[in-house]
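Chain and residue survey
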Amino acid sequence: MKNNFFNEQSLNSDIKTQIILATFKLWLQDNKKEQNLSYIDLFSGPGIYDDGTLSTPICILQEICNNKRMAQRFNVILNDYNAEFIAKLRRMILNVKNARFIKTLVTSIGNAESFQKTVSNNEHIFMLIDPWGWKGINRNYINNMLLNKDCDIAVMFNFNQFNRFMNFDIADELFNDLFDKKTLHEIRKFCSTNPKSEREQFVIDKFVKMVCKNCENCNYTPFKFKMEKSTRTSHYIIFIIRDKDRFQATKTLLNQYLA
């Protein structure tokens, strides 16, 4: 992650936090009586922008810690590769009322996949995967997490450098965690023979098929962000949701944010 990303919150980042927090509330409302709840943010950042604006993980922690009893039912895993970000995040957590009552609170530096073993298969999970680019989005990890009986995952899927999909000879390694070789070939072929207007949805469909291959009843909906001062696609949030009713509620919610 580029350090200057957190200098000041952008409009897109503001909308992203609003959307993630709103969808988290939908998930929490459906699971408010459950005892084993998990919030996992694999690329959490420092929790605050230099301009003083709180970022997504702290906003969600505040929601979790609205009362002591709710906090006591949560496992929270916040991970980032940047040691400075994690140090700052830990200081921010100290200011969150009732955070000390969270059942398990892990803030760690390094490989997020190591935390999979700490989450049992009867957990109710809300997960955010928001890396810089594509590095760190692992289809097998997501697939395993979706085996939990109630799991919502929000994945930030970057299209800033979409032309890389047209040159897999150079960028194969970058996408190996997202797609198998057969799917990479299909994407390359499709992107070389179809208009730009159709490529993005094709790639997203292939990605979701990869991460949901062992999981029945996965519903998904993408939300597009455009580059600021441009009509080009910046990235998507892809919501993958097991519960059909909550999926429909999420789609309705996202429509409120469409320009």
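These numbers come from a predicted model, not from an experiment.

1. Considerations on the sheet that holds strand 3 (residues 104–109)
- In space, the seven strands of this open sheet follow the order 3-2-1-4-5-7-6, with mixed pairing throughout. Each end of this open sheet is capped by a strand with a single partner; those strands are strand 3 and strand 6 (219–226). When strand polarity is set aside, the average angle formed by the axes of neighbouring strands in this sheet is 10°.
- As paired elements, strand 2 (residues 74–80) and strand 3 share six bridges and run parallel to each other. The residue bridging Ile 77 from the neighbouring strand is Val 106, located in strand 3.

2. A short note on the environment of Lys 224
- Looking at where Lys 224 falls in the secondary structure, it is placed in strand 6.
- For Lys 224, a relative accessible area of 40% corresponds to the partly exposed category.
- Sequence-distant contacts of Lys 224, that is, excluding residues within four places in its chain, are made with Glu 200, Thr 233, His 235 and Tyr 236.

3. Regarding the pattern of salt bridges
- Considering all chains together, one arrives at eight salt bridges under this definition.
- The partner of Asp 152 in a salt bridge is Arg 246, and the shortest N-O contact between them spans 2.7 Å. Of the two residues, Asp 152 sits in strand 5 (residues 150–158) while Arg 246 sits in helix 9 (residues 244–255), which places them 94 residues apart along the sequence. As far as the burial class goes, Asp 152 and Arg 246 line up, both buried.
- Note that Glu 200 and Lys 224 form a salt bridge whose closest N and O atoms lie 3.8 Å from each other. Here Lys 224 lies in strand 6 and Glu 200 lies in helix 8 (residues 196–211), a separation of 24 residues in the sequence.
- In this structure, a network of salt bridges that share partners links the residues Asp 30, Asp 150, Asp 152 and Arg 246.

4. A few points about helix 8
- The end-to-end C-alpha distance of helix 8 is 24 Å, a good match for the 22 Å that 16 residues give at a rise of 1.5 Å each.
- Listed in full, the buried residues belonging to helix 8 are Arg 199, Glu 200, Phe 202, Val 203, Ile 204, Lys 206, Phe 207, Val 208, Met 210 and Val 211.

5. Focus on the nonpolar core
- Counting 40 residues, the largest nonpolar core has Leu 61, Ile 64 and Phe 74 as the members making the most contacts within it.
- Looking at this core, the element that brings in the most residues is helix 1 (residues 11–30), giving seven residues.
- Apart from the residues within four sequence positions on either side, Ile 64 is in contact with Phe 24, Tyr 39, Met 70, Ala 71, Phe 74 and Val 76.
- Formed by 36 residues, the second largest nonpolar core is a distinct cluster that contains Ile 153, Phe 157, Phe 159 and Cys 191.

6. Examining the environment of Asn 214
- Topologically, Asn 214 is positioned in the loop between helix 8 and strand 6.
- Sequence-wise, Asn 214 and Asn 144 are 70 residues apart; in three dimensions their C-alpha atoms are separated by 8.3 Å.
- Here Asn 214 is in contact with Asn 143 and Leu 147, once residues within four sequence places are set aside.

7. Examining the packing of helix 2 (residues 56–64) against helix 4 (residues 83–93)
- Axis separation between helix 2 and helix 4 bottoms out at 11 Å; the angle between their running directions is 25°. With respect to each other, helix 2 and helix 4 are oriented roughly parallel. The way helix 2 lies across helix 4 gives a crossing that is right-handed. Where helix 2 approaches helix 4, its residues Pro 57, Ile 58 and Leu 61 are matched on the opposing element by Leu 89, Met 92 and Ile 93.
- Counted by class, the contact of helix 2 with helix 4 contains six nonpolar, no polar and no charged residues.

8. Observations regarding unusual backbone geometry
- Phi angles above zero are rare outside glycine, and Asn 98 is one such case at about 75°.
- Here Asn 98 lies in the loop between helix 4 and strand 3.
- A relative accessible area of 11% places Asn 98 in the buried class.

9. A look at the pairing of strand 5
- Across the nine residues that make up strand 5, a large majority, nine, are buried.
- Bridge count for strand 4 (residues 124–129) against strand 5 is six bridges, and the pairing is parallel. Along strand 5, the bridge assignment pairs Phe 126 with Asp 152.
- Of the strand pairs in this sheet, strand 5 and strand 7 (residues 233–241) are connected by seven bridges, and their pairing is antiparallel. If you follow Asp 152 over to strand 7, its bridge partner there is Ile 241.

What counts and how
Residues numbered from 1 in each chain as written. Predicted model: local features only at pLDDT ≥ 70, side-chain atom pairs only at ≥ 80, totals over all residues. Heavy atoms only, no water. Pairing = 2+ DSSP bridges. Helix = DSSP H or I, 4+ residues; strand = E, 2+ residues; numbered from the N terminus. Axes fitted to C-alpha atoms, helices over the stretch in contact; angles between N-to-C directions. Buried < 20%, exposed > 50% of the residue type's maximum accessible area, 1.4 Å probe, protein only. Contact = heavy atoms within 4.5 Å. Salt bridge = Lys/Arg side-chain N within 4 Å of Asp/Glu carboxyl O. Expected span 1.5 Å × (residues − 1). Core = buried A, V, L, I, M, F, W, Y, C linked by side-chain atoms within 4.5 Å. Parallel < 35°, antiparallel > 145°, perpendicular 65-115°, else oblique. Left-handed = near helix turned anticlockwise from the far one by under 90°. Nonpolar A, V, L, I, M, F, W, Y, C, P; charged D, E, K, R; others polar.

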